[in-house]
Amino acid sequence: MKAVQVTGYHRNLEAREVDEPKITGPLDVVVRVGAAGVCRTDLHILEGQWAEKSGVTLPYTIGHENAGWVHAVGDAVTNVAVGDKVILHPLMTCGLCRACRLGDDVHCENSKFPGIDTAGGYAEYLLTSARSCVKLDDSLEPADVAALADAGLTAQHAVAKAAAVLRPGDVCVMIGAGGLGHIGVQCLKAMSAATLVVVDRNPAALKLAEQIGADVTVVADGSHVDTVLELTGGHGAEAVIDFVGEGGSTTEGVRMLRRAGNYYVVGYGENIDVPTIDIISTEINIVGNLVGSYTDLQDLMVLAAQGKVKLHTAQYRLEQFQQAIDDLSAGKVRGRAILIP
Ligand SMILES: [Zn+2]
Ligand SMILES: [Zn+2]
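Because the structure is predicted, anything quoted here is derived from the model rather than measured. (Residues numbered from 1 in each chain as written. Chains lettered and ligands numbered in written order. Predicted model: local features only at pLDDT ≥ 70, side-chain atom pairs only at ≥ 80, totals over all residues. Heavy atoms only, no water.)

### As for the coordination of the zinc ion (ligand 1)
Next up, step 1: With distances of 1.9 to 2.3 Å, the protein atoms coordinating the zinc ion (ligand 1) are Cys39 (SG), His64 (NE2), Glu65 (OE) and Asp150 (OD).
Next up, step 2: Binding-site remark: the zinc ion (ligand 1) is held by donors from one chain whose sequence spacing is C-x24-H-E-x84-D. One end of the pair, Cys39, is in the loop between strand 3 (28–38) and helix 1 (40–46); the other, Asp150, is in the loop between helix 4 (142–145) and helix 5 (151–165), with 111 residues separating them in the sequence. Asp150 shares its class with Cys39; the two are buried. (Donors = N, O, S within 2.8 Å, 3.2 Å for Na, K, Ca; no water. Helix = DSSP H or I, 4+ residues; strand = E, 2+ residues; numbered from the N terminus. Buried < 20%, exposed > 50% of the residue type's maximum accessible area, 1.4 Å probe, protein only.)

As structure tokens, this is what we get:
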């Protein structure tokens, strides 16, 4: 089959002919890839940023945002059948460790991550496990949802934590309305009656945020912290979800927080520098977020099927992988780039 592989770092991906994955374990599932999202993480992989962390051996097939049709199943698989339309949780998890038993998939002690440390979805077929398959509603197609497997799931995971404690009329600030943020806006409006304030430097991103449900949009022009404080009677917001995490957003984000408020870190890059006396005297919480669980992905697919979460995509054929990578790298992709085998 055709697969697009990393053959070395700091060089282009290569289209190669490789063996189709085979069922060897009882819970194995082979999926015919219908769509694979092209993600900024793929660029970082090519830059070698993940080489040491993932320990992957080259060459290998990348692509960690995958959806398609079940092609073959191991003899113990009961939750999906050949022909089913599925989106794949990005991790292959063991189901037996404590984290798995708590439903906390991303912290599985024996997981594999297709596209990061084992063969991924820039290919015609992909090996995964029964535990990773979420069946898609009839109304959804793999190409519409593939990129929700990672970027969307991460937004959903953070927003679900916030929505669980936000009360009607509370204020939630989102910093950043780009790739993840525009999913976050839709998820929050679907799951919470909190007032949603979206902050971004880019007026076009704010315009989109407004169209998809933001109650208030604020240009990040230096006065945005004061604007949020004014909007909240000087108290600050109950929740701040930061999809940026660099360029000063963490200092500003914490300043926008109410006493006992929750600050959700999603984007990353800079250090958070908050005096410990401020943390204890205001009882603020700083909460990390890493991808999302299987059930978060199920919830997100319900919202997608209900039409409450929509993803903008730019589609490329698998052979056009280099164009997709170049466009993403040059900031030319509107929404998420998707490869279609
Ligand atoms: Zn990704
Ligand atoms: Zn596990």
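### Comments concerning the nonpolar core
Next up, step 1: Grouped together as the largest cluster of nonpolar side chains are 84 residues, with contacts concentrated most on Ile87, Tyr122, Leu148, Ile241 and Met301.
Next up, step 2: Shared between two domains, this core takes at least three residues from each, and those domains are domain 1 (2–150 + 291–340) and domain 2 (153–288).
Next up, step 3: For Leu148, the contacting residues outside a window of four places in its chain are Ile87, Leu153, Ile183, Leu297, Leu300, Met301, Ala304, Val309 and Leu311.
Next up, step 4: By size, the runner-up hydrophobic cluster in this structure holds 16 residues, among which are Val218, Val240, Val254 and Ile284. (Core = buried A, V, L, I, M, F, W, Y, C linked by side-chain atoms within 4.5 Å. Domains from an automatic or database assignment. Contact = heavy atoms within 4.5 Å.)

### Some details on the coordination of the zinc ion (ligand 2)
Next up, step 1: Taken together, the protein ligands of the zinc ion (ligand 2) are Cys94 (SG), Cys97 (SG), Cys100 (SG) and Cys108 (SG), with distances of 2.3 to 2.4 Å.
Next up, step 2: Classification of the site at the zinc ion (ligand 2) rests on its four donor atoms, whose angles at the metal span 101 to 119°, yielding the label tetrahedral.
Next up, step 3: In the primary structure, the donors to the zinc ion (ligand 2) are separated according to the pattern C-x2-C-x2-C-x7-C.
Next up, step 4: Look at Cys100 and you get buried, because its relative accessible area is 8%. (Tetrahedral: all angles 85-135°; square planar, octahedral: opposite > 155°, others 65-115°.)

### A few points about the pattern of salt bridges
Next up, step 1: Under the definition given, this model contains eight salt bridges.
Next up, step 2: Here Lys135 and Asp84 are joined by a salt bridge, their closest N and O atoms 3.8 Å apart. Of the two residues, Lys135 sits in strand 8 (residues 133–135) while Asp84 sits in the loop between strand 5 (66–73) and strand 6 (85–88), which places them 51 residues apart along the sequence.
Next up, step 3: Among the residues examined, Asp84 registers a relative accessible area of 19% and is labelled buried.
Next up, step 4: Asp215 serves as the salt-bridge partner of Lys189, at 2.8 Å between the closest nitrogen and oxygen. One end of the pair, Lys189, is in helix 6 (residues 181–191); the other, Asp215, is in the loop between helix 7 (203–211) and strand 11 (216–219), with 26 residues separating them in the sequence. (Salt bridge = Lys/Arg side-chain N within 4 Å of Asp/Glu carboxyl O.)

### What about the UniProt feature "domain: Enoyl reductase (ER)" (unreviewed entry) in the chain?
Next up, step 1: Feature annotation in UniProt places "domain: Enoyl reductase (ER)" (unreviewed entry) on residues 8–339, given in this structure's numbering.
Next up, step 2: In residues 8–339, the share of helix is 29% and the share of strand is 24%. The end C-alpha atoms are 21 Å apart. (UniProt positions renumbered as here; feature names shortened; annotations may be inferred.)

### A few points about the environment of Leu206
Next up, step 1: Structurally, Leu206 is set in helix 7.
Next up, step 2: Distance in space between the C-alpha atoms of Leu206 and Ala177 is 6.7 Å, their sequence separation being 29 residues.

### Overview of the pairing of strand 10 (residues 195–200)
Next up, step 1: Strand 10 sits mainly inside the fold: five of its six residues count as buried.
Next up, step 2: Viewed along the sheet, the connection from strand 9 (residues 171–175) through helix 6 into strand 10 turns out right-handed.
Next up, step 3: The pairing of strand 10 with strand 11 spans four bridges and is classified as parallel. Counterpart to Val197 in the pairing with strand 11 is Val216.
Next up, step 4: Remark: the strand 10/helix 7/strand 11 crossover connection has right-handed handedness. (Right-handed = clockwise from strand over helix to strand, strands pointing away. Pairing = 2+ DSSP bridges.)

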